[in-house]
Amino acid sequence: MGKYHGQATTVLRPRTTQQVSDIVKFCASRRIGIVPQGGNTGLVGGSISLQKEIVLSLGAMNSVRSFDPVSGSLVADAGCILESLSDHIAPHNHIMPLDLGAKGSCQIGGNLSTNAGGLRLLRYGSLHGTVLGLEVVLPDGTVLDQLSTLRKDNTGYDLKQLFVGAEGTLGVITGVSILTPPAPQASNNIFLALPHFKNVLPLFQTAKRQLGEILSAFEYIDRTAYDMALEHDLGPILNPDEVGDAQCFVLVETSGGNHEHDMEKLNNLLESLMSADQPLIYTGTLSQSPAQFASIWALREGLTECVQKEGKPYKYDVSVPLADFQSVVDTVRERLISKGLYGDHAVSKVMGYGHVGDGNLHLNVIAKHGYRPELEAALEPFIYELVASHKGSVSAEHGIGSMKTSALRYSKDDVSIEWMRKIKQVFDPLNIMNPGKVLPSA
């Protein structure tokens, strides 16, 4: 996005855990700050050097250590690219439990460090549940080996969980053990146009009730985002005449073990939606081929790239109650209009899309002519206060990084932040691990 500019003059690329340990010991002895860096795909400035700390790039640690096709446990170096791991286990009919738009460049260690969410969370849960073990180099260079492949280990404190989502502030993840689910034997999707946002929640309830265990994704796209996608040739998926004045769209994916069984459920869902006395949808389409399945997902996954082409985006990854998705977007737009900052001269688009299944809204504010102080002043802390008023979270899946340290207080109370500081002090008393990230200045 061009929003963050690192100050590092040195980048180190270790190939082994021992080399990482040696580097960290050296830095600790001289109080040199360290910024662990994975695929550098984050959006909150979590992997940049703020004060000329050295960058520790894990990209050269990219070996798969083992895979058990019976249990599905995968052990790999932290620098393995997510898509490469998917390709490695695909011949064994397994998939990674997370799927991200940046899968071609993000690394599994970074995914764990930021507790990345993504498109499969509804079906497979968060990384806190799928991680089996971690190997971590602590801030004094000690190697913490908790690289277990056991599903059950109830022996005291579950230390690995402290590093999931810690963004490299407590140590450097060098190895990962993760549970991979069996690959679904049948995947299908439908794309639906809804007249009003208020129909999204009853539609979600209907889909969960009728699709049951095969429901794997339920994605929301507002009209502004959909129209933008069409302008960038991602579609059309639906007949424009049938779409009419639809205010939002939903992508529903299923993943099951029997194609005929799943198609019957989806057809029954579509039929019931279309024939209802008060239909929840205007129209919809069920993918009939792998190419159509991919084109439907291409529209959803392509939104991020479209946003980049429209201008400089202010991106807010937040969690709010599902019922409040649209009101949050509308309130931000109204705020900019009231400030005289909405239009081609300033902010050209305000849009929302995201994962209904886990309450994650991606709020995008596009500055047509670049980032400007008056725009940021209008957006922050207003958006964080708005999210807090809905009892939401200022970061659903992107983390805190350096961008949101001052906003942490909108989601964590003073007691929580104080105990986070105490944990940081125990692990990293010299404050050399990714300084300036996650925790606000004291």
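Placed above this text is the structure.
Keep in mind the model is a prediction, meaning the values are calculated, not measured.

Visitor: Which residues make up the pairing of strand β6 (residues 131-137), and what are the values?
Guide: Consecutive residues of a regular strand have side chains that alternate between opposite faces of the sheet. By the criterion of burial, β6 is predominantly enclosed, with 7 of the 7 residues buried. Pairing analysis gives 6 bridges linking β6 to strand β8 (residues 172-179), with the strands arranged antiparallel. In the sheet register, V137 faces β8, and the bridge partner there is V172. Bridge analysis of β6 against strand β7 (residues 143-146) gives 4 bridges, and the strand direction is antiparallel. Pairing of L134 across the sheet is with Q146, part of β7. Between β6 and the antiparallel strand that follows it, β7, lie 5 residues; G141 among them carries a positive phi value of about 95 degrees.

Visitor: Explain the pattern of salt bridges residue by residue, including any values.
Guide: The full count for this structure, using the stated rule, is 13 salt bridges. Note that K309 and E305 form a salt bridge whose closest N and O atoms lie 3.5 Å from each other. Remark: E305 and K309 occur in helix α12 (residues 303-310); sequence separation between them is 4 residues, near one turn of the helix. The residues K309 and E305 share a single accessibility class, namely exposed.

Visitor: Describe in detail unusual backbone geometry, supporting the description with residues and values.
Guide: Going from G235 to P236, the amide bond is cis rather than trans, its omega being 5 degrees. Note on placement: P236 falls in the loop between α8 (223-231) and α9 (240-243). Note that the residue after E380, namely P381, is joined by a cis bond; omega there is 10 degrees. By secondary structure assignment, the location of P381 is in the loop between α14 (373-379) and α15 (382-389). Even without being glycine, K52 reaches a positive phi, approximately 65 degrees. Relative to the helices and strands, K52 is located in the loop between β2 (34-37) and β3 (54-57). K52 gets classed as exposed once you look at its relative accessible area, which sits at 57%. Here the phi dihedral of N93 falls at roughly 60 degrees; this positive angle occurs in a residue that is not glycine. Here N93 lies in the loop between α2 (82-89) and α3 (108-114).

Basis of the calculations
- Residues numbered from 1 in each chain as written.
- Predicted model: local features only at pLDDT ≥ 70, side-chain atom pairs only at ≥ 80, totals over all residues.
- Heavy atoms only, no water.
- Buried < 20%, exposed > 50% of the residue type's maximum accessible area, 1.4 Å probe, protein only.
- Helix = DSSP H or I, 4+ residues; strand = E, 2+ residues; numbered from the N terminus.
- Pairing = 2+ DSSP bridges.
- Salt bridge = Lys/Arg side-chain N within 4 Å of Asp/Glu carboxyl O.

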